[in-house]
Amino acid sequence: MLRRVGRILKQIENIFALAFGRQFPPQSLCVVAVPTNATNKTSLDVLDNGFLWAVPRSRRSVEKRLSRKFGYPEYVYKLLLPKRNLLVCNTCGHHYEANHLCPHCYAKVRTETEAMQSTIQKELGLNPVEQEVVVIYEGEKVEQPAEFWKGKRVIEMKKERPSWFSKNLLEKSTVQPSSGGDVKPTELA
Amino acid sequence: YVCHMRTNIKYSPWKMWYIACMVRGMTVDEAIKQLSFVLKKGAIAVKETILEAQQIAVEKHNVEFRSNLWVAESFVGKGVVIRGMRRHARARVGKVEYFHCHYFVRLEEGTPPKHYYPFKRELTGSELLENWLQQMRKRKIPNSL
């Protein structure tokens, strides 16, 4: 008790010294002569400032503990629930999440893309790309005449074209290419 | 049945418990399928453990069909704890603990039971009616005879 009072008084003195730069009570009005270098740092100031002030007041009930562990079904349920939107990919046979890409098929496409990118980087290096870059596989360069490749930077991949990689990526497979000049209106208001 | 475990997985046992709980009572195929889509580090170790257990069951324990297994028990234990200290501002010290966990799984042959936890099953109509009647009959006007 007395110690607490003493500590509070010391803190008030510290505050006064910080604020005014002078001693409280002032040297002239002191009853007992207090030496100015009396600030003894026996107790760490760091320990006084908020150390061990936050402490649990009462034991957590078992309901609270279980609620923290399991969560609330209406609010945030902490237990893991099995996913019900898993489907089987028709191309590879692995599972995938609905409305997402099949991870197995995507990994396959990704490795191929990375191979293409590394060949492009090796061939073109740091030169600026002014012409169109075309990536072709083995045996496809001879299919087109030499003028076709004239204004383009051709990158040849030293492997066969994968079976799933179609040559025709720009044309839609369902709609046939039309020869007529009429344009059908879309999204009529 | 086939028991298998993996010790000292670098993952917190309290976090691993959620994954172990999810897998309980599932068929082995369903468990592996679901674990592939759990976005937690411990799920990888659990999936590998269950695959190993399935392999051991087929090779050494005379299990005929590898899909005819279900997860009977799946639980976690605390492993090695590496303790250390870290410093904070203002001369404060912090305790650092690196937890490992052991994962235990037991596979049984056959089809899994419909409800792994009997208290969690959906109650039938007659059971619900009984409960409702009990609730209604328990009512009392306070401080009455």
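Residues numbered from 1 in each chain as written. Chains lettered and ligands numbered in written order. Predicted model: local features only at pLDDT ≥ 70, side-chain atom pairs only at ≥ 80, totals over all residues. Heavy atoms only, no water.

Chain B appears in an unreviewed UniProt entry as Large ribosomal subunit protein uL22m from Cryptotermes secundus. Checking UniProt for chain B, the heading Sequence similarities (unreviewed entry) contains the comment "Belongs to the universal ribosomal protein uL22 family." (UniProt positions renumbered as here; feature names shortened; annotations may be inferred.)

The name given to chain A in an unreviewed UniProt entry is Large ribosomal subunit protein bL32m, and the organism recorded there is Cryptotermes secundus. On record in UniProt, under Sequence similarities (unreviewed entry), the comment for chain A is "Belongs to the bacterial ribosomal protein bL32 family." As recorded by UniProt, the Function (unreviewed entry) comment attached to chain A reads in full: "Component of the mitochondrial large ribosomal subunit (mt-LSU). The mitochondrial ribosome (mitoribosome) is a large ribonucleoprotein complex responsible for the synthesis of proteins inside mitochondria."

A. Quick peek at the interface of chain B and chain A. Of the residues lining the interface, 12 residues belong to chain B; the matching set on chain A comes to 16 residues. Summed over both partners, the interface of chain B with chain A buries about 1400 Å², with 67% contributed by carbon and sulfur atoms. Where chain B meets chain A, there are 0 salt bridges. Applying the counting criterion to the chain B and chain A interface returns 3 residue pairs in polar contact (both at pLDDT 80 or more). Among the elements of the structure, helix 1 (13-23) and helix 2 (28-35) of chain B are those that each provide at least two residues to the side of chain B that touches chain A. (Contact = heavy atoms within 4.5 Å. Buried area = accessible area lost by both parts, 1.4 Å probe. Salt bridge = Lys/Arg side-chain N within 4 Å of Asp/Glu carboxyl O. Polar contact = N/O pair within 3.5 Å; in protein donor to acceptor, adjacent residues only side chain to side chain. Helix = DSSP H or I, 4+ residues; strand = E, 2+ residues; numbered from the N terminus.)

B. Examining the sheet that holds strand 1 (residues 2-9) of chain B more closely. Residues and elements named next belong to chain B. Taken in spatial order, the 3 strands of this open sheet run 1-3-2, and their pairing is antiparallel. Single-partner strands in this sheet number two, and they are strand 1 and strand 2 (69-87). Pairwise comparison of adjacent strand axes, ignoring direction, gives a mean angle of 15 degrees for this sheet. Sheet contacts for helix 3 (residues 41-60): strand 1, strand 2 and strand 3 (93-109); angle to strand 1, the most-contacted strand, approximately 145 degrees. (Pairing = 2+ DSSP bridges. Axes fitted to C-alpha atoms, helices over the stretch in contact; angles between N-to-C directions.)

C. Just the side chain of Lys33 of chain B, in detail. On the secondary structure map, Lys33 of chain B appears in helix 2. With sequence-adjacent residues up to four places away left out, Lys33 of chain B is seen in contact with Leu86 and His95 of chain A.

D. The confidence of the model for chain B, seen in detail. Overall, the predicted model of chain B reaches an average pLDDT of 96, with 100% of residues at or above 70. Complex prediction metrics read pTM 0.75 and ipTM 0.84. (pLDDT = per-residue confidence, 0-100.)

E. Representation of the pairing of strand 3 of chain B in the model. Residues and elements named next belong to chain B. Two elements, strand 1 and strand 3, share 6 bridges in a ladder whose sense is antiparallel. Bridge pairing links Cys3 to Arg106 in strand 3. For strand 2 and strand 3, the ladder comprises 16 bridges, and the chain directions are antiparallel. Residue Met85 lies in a different strand from strand 3, and its bridge partner there is Lys95. Between strand 2 and strand 3, which pair antiparallel in sequence order, lie 5 residues; one of them, Arg90, sits at a positive phi of approximately 60 degrees.

F. Seen up close, the nonpolar core. Counting residues in hydrophobic clusters, the biggest one holds 27 residues, and the most contacted among them are Met16, Leu35, Val46 and Ile50 of chain B. Going through the elements one at a time, strand 1, helix 1, helix 2, helix 3, strand 2 and strand 3 of chain B are the ones with two or more residues in this core. It is helix 3 of chain B that contributes the most residues to this core, 6 residues altogether. Excluding residues that lie within four positions of it along the chain, Val46 of chain B makes contacts with Met16, Ile19, Val23, Leu35 and Tyr103 of chain B. By size, the runner-up hydrophobic cluster in this structure holds 7 residues, among which are Tyr137, Ile155, Met157 and Phe165 of chain A. (Core = buried A, V, L, I, M, F, W, Y, C linked by side-chain atoms within 4.5 Å. Buried < 20%, exposed > 50% of the residue type's maximum accessible area, 1.4 Å probe, protein only.)

G. Quick look at the packing of aromatic side chains. All names here are of chain B. Summed over all chains, the structure comprises 10 aromatic pairs over all chains. An angle of 90 degrees between the planes, with centres 4.8 Å apart, marks the rings of Trp14 and Phe99 as edge-to-face. Remark: Phe99 occurs in strand 3 and Trp14 occurs in helix 1; sequence separation between them is 85 residues. Since its relative accessible area comes to 18%, Phe99 is described here as buried. With a centroid separation of 5.1 Å and an interplanar angle of 90 degrees, the aromatic rings of Tyr116 and Tyr117 are classed as edge-to-face. (Phe/Tyr/Trp six-rings, centres within 6.5 Å; stacked < 30°, edge-to-face > 60°.)

H. Representation of the pattern of salt bridges in the model. Residue and element names in this part refer to chain B. All told, the structure shown has 12 salt bridges over all chains when counted by the stated rule. Among the salt bridges present, the one from Glu73 reaches Arg106, with a minimum N-O distance of 3.2 Å. Remark: Arg106 occurs in strand 3 and Glu73 occurs in strand 2; sequence separation between them is 33 residues. With relative accessibility at 32%, the residue Glu73 sits in the partly exposed group. By relative accessible area, Arg106 is classed as buried at 15%.

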